[in-house]
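# Examination of the molecular architecture
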Amino acid sequence: MEWSVNTYKNLKDMEPKAVMDVALIPNIDPVDIGLGSSERGNIVSAQKPRKKTMTSIYLKFFETAPDGKSRRCKFCGQSYSIATATGNLGRHLSNRHPGYDKSGDAVNGPALQPITVVKKPHTQIKTPHVELDHLNWLLIKWLIQATLPPCTLEKEWLINSFKYLNPLVQLWPGEKFQGVLREVFRSMQEDVRTILEQVSSKLSITLDFWTSYEQLFYMSVTCQWVDETWSFQNVLLDICHVPCPCGGAEIYYILVKVLKLYNIDNRVLSCTHDNSPNAVLACHTLKEDMDSQKVSPFCYVPCAARCLNSIISDGLRTTKSIISKIREFVLGMNASSEISEDFIKFTAAYQEGSWKFPLDASARWSGNYQMLDVVRKASKSMETVIRKYEEPLGSRMLLSTAEKNAVNIMHAYLEPFYKTTNNICTNKMPTIGLVLFFMDHISETITVCRESRHSPDWLKDAAEDMASKARSYNDQVSNIFTYMTAILDPRIKVELIPESLNLENYLEEARSHFMRNYSTTLFSAMTSVYGAQELEDGGSVSFAEEIARKKRRASISTASDELTQYLSESPAPIPTDVLEWWKANSARYPRLSVMARDYLAVQPTSVSPEELFCCKGDDVDKQRFSMPHESAQALLCIKSWTRGGMNVKYKSTEIDYDRLMGLAAASAADNGMAGLDKKLK
């Protein structure tokens, strides 16, 4: 049976009773509206005669089995326990066989078949396609939320499970699920294009890359901006397969294609990449292209989170084997409630802090630091637990004195790194300025370690490699573009910018850029407003008003360098919400705030820091790696869009999943009530 949008529209307009008849479990009938008004009147009139009255009305439509333990409907053959309340039998007749009471005693005759009741013109019997669309659209939602390809629904065990619940249930074939998802992707993509058309500020983009299990190379392109209400917005533009040889030229071609598809190729201010050489080459080519067309200033930014993660990995290199041993111990505790409870008891007895299980044992930075934390803060408890459970855990997990010392030294050295990543991950909006501030602190920490005579040689060697990567990052971000972006963070301004970036000529260039691209344009717009007002006045402006308008123009001209006034004030406290600060102060800096809206959207990282540093990234990587090519683009984009608040849309129809889920929940509740009757058997 072919699916159509009209079918879905009818589903939304149907009465709840009609949808409640969609039963997925055989031999259990959903309870809907209950008895009619006339029948309720009979019940109220007398308590004792109730059973007799209902028996005379309903039981004649059921026949008792020879064993006396069940009753069977004469219309459809539905079986019920002999103990089933007659009221439920009446609801079965009302829901499944409307008009049964008008058929009289004809049901007792063997020649009358249920089909005669179904074919009555006024009967509203549910047809299979309503049930199929209801169920299949719920399965579409499941595929999106769980990030599962449509081929999942072609698994024989899953199909047989649905058949077991109801032999009449039929799932769409995999090709149909795939086609519906592609159409949903196209429909929602049009909505994204419409959203971007209404954005008045500059846009920034970020790039991320990965390889699937099919060894196909993918790129995600995400767009960010700050809207008129000073709210940060971001939306995934596309998931693109990059063809072989997956170099800078191929990335550049695909990227330009995406930007033109959304008609934003002349509105992009920056691109944050993943630090890979091919991505750098693609961004460099894009900058040359935009500079040659003199469209607007453009700059590409390295990902600070990936650089910091690489720096930390160099620091952990010398203790990698020790961390693996600790991780094996932690995984053993996570798998055994008995061992973990003993660990908690021992830490309380030894006053080694409080611990919440399961502990983070991921191979990411958060998990690695957790391993160091266990030894640093609960070494006695760890050793006691290992000795108590030596057989399941193994004595090999016991750490030597040298290993414990190495862990303590590494923990103390990397503690500022952990605090930095934690701040970046939990910050509502980590700006370029704030991240540069943290990265400067990281560089200072590395320098102190290298120059300290107390640092062991193995740690100094690691610090050398860490310093090299920190310098490489600083070299890439030391330009006028990142300088302007950083000083527009009211918490940073000039005072907290790293010395390598705080150059005198940068400030002059920033002022020149502001005057050229923001102050003059806005001044012209405001002048034109006065001109329009003069025309409305018909030229009859009083002498005093003419002087007042000249003074207004003069004040606009002399105050055009709002940047100087802004920088002359002290920075805001670090906990300040940057966008809220600009929202409150935009009236003081009407032109500079326009520039701030553009530049504060520039991202310091190409991915969410939490996905890179924390175990949350494991789930993202698994989903991306396991996604087949034919489903990757549609599923990953639709999931991102729905998480951002967009509704699933098929062509011009929005799928009302709240209604569908409500109907499904109500039907399940009714089925559960009917199931209680069966248990009385």
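Residues numbered from 1 in each chain as written. Predicted model: local features only at pLDDT ≥ 70, side-chain atom pairs only at ≥ 80, totals over all residues. Heavy atoms only, no water.

Think of a sheet as strands paired side by side through backbone hydrogen bonds, with each pair either parallel or antiparallel. Across the sheet, which stays open at both edges, the five strands sit in the order S6-S5-S4-S7-S8 with mixed pairing between neighbours. Two strands bound the open sheet, and with one partner strand each, they are strand S6 (232-242) and strand S8 (299-301). Strand-to-strand twist of the sheet, defined as the mean angle between neighbouring strand axes without regard to direction, takes the value 25°. Of the strand pairs in this sheet, strand S4 (residues 203-211) and strand S5 (residues 217-226) are connected by eight bridges, and their pairing is antiparallel. Bridging from a neighbouring strand, Leu207 pairs with Val221 of S5. (Pairing = 2+ DSSP bridges. Helix = DSSP H or I, 4+ residues; strand = E, 2+ residues; numbered from the N terminus. Axes fitted to C-alpha atoms, helices over the stretch in contact; angles between N-to-C directions.)

Moving on, we come to the pattern of salt bridges. A complete count under the given rule lists 26 salt bridges for this structure. In this structure, the salt-bridge partner of Arg72 is Glu63, at a minimum N-O distance of 1.9 Å. On the basis of relative accessibility, which here comes to 32%, the residue Glu63 falls in the partly exposed class. Two residues, Arg591 and Glu562, come together in a salt bridge whose shortest N-O distance is 2.9 Å. Highlighted residues: Arg591 in the loop between helix H24 (578-585) and helix H25 (592-599) and Glu562 in helix H23 (residues 562-568), separated in sequence by 29 residues. Here the two residues Arg591 and Glu562 agree in accessibility, since each one is buried. Look at the salt bridges and you will find they share partners, linking Asp314, Arg317, Asp465 and Lys469 into a network. (Salt bridge = Lys/Arg side-chain N within 4 Å of Asp/Glu carboxyl O. Buried < 20%, exposed > 50% of the residue type's maximum accessible area, 1.4 Å probe, protein only.)

The next point concerns the environment of Ser161. Looking at the secondary structure, you find Ser161 in helix H8 (residues 156-165). Since its relative accessible area comes to 34%, Ser161 is described here as partly exposed. Within the local environment of Ser161, its side chain forms a polar contact with the backbone oxygen of Trp157, the two atoms lying 2.7 Å apart. (Polar contact = N/O pair within 3.5 Å; in protein donor to acceptor, adjacent residues only side chain to side chain.)

With that settled, consider the packing of aromatic side chains. Across all of its chains, the model carries 26 aromatic pairs by this definition. On the numbers, 5.1 Å between centres and 80° between planes, the contact of Trp581 with Trp582 is edge-to-face. The burial state of Trp581 is the same as that of Trp582; both residues are buried. Members of the aromatic cluster, each reached through a chain of ring pairs, are Trp230, Tyr566, Trp581, Trp582 and Tyr589. Across from the ring centre of Tyr262, 5.7 Å away, lies the NZ or CZ of Arg193, which sits over that ring. In this structure, Arg624 is placed above the aromatic ring of Trp210, and the distance from its NZ or CZ to the ring centre is 4.0 Å. (Phe/Tyr/Trp six-rings, centres within 6.5 Å; stacked < 30°, edge-to-face > 60°. Lys NZ or Arg CZ within 6 Å of the ring centre and 35° of its normal.)

It is at 8 Å that the axes of helix H10 (residues 248-261) and helix H11 (residues 277-293) come closest, and there the two elements cross at 55°. With respect to their mutual orientation, H10 and H11 come out oblique. Like other packed secondary-structure pairs, H10 and H11 cross with a definite hand, here right-handed. Here Gly248, Ile251, Tyr252, Leu255, Val256 and Leu259 of H10 lie close against H11, whose contacting residues are Asn278, Ala279, Leu281, Ala282, Thr285, Leu286 and Asp289. Across the contact of H10 with H11, the residue classes break down as nine nonpolar, three polar and one charged. (Parallel < 35°, antiparallel > 145°, perpendicular 65-115°, else oblique. Left-handed = near helix turned anticlockwise from the far one by under 90°. Contact = heavy atoms within 4.5 Å. Nonpolar A, V, L, I, M, F, W, Y, C, P; charged D, E, K, R; others polar.)

With 14 residues, H10 should reach 20 Å at 1.5 Å per residue; the first-to-last C-alpha distance of 20 Å fits that figure. In the core, the buried residues of H10 are packed alongside S4, S5, S6, strand S7 (268-272) and H11. Backbone geometry just after H10 places Asn263 at a positive phi near 60°. (Expected span 1.5 Å × (residues − 1).)

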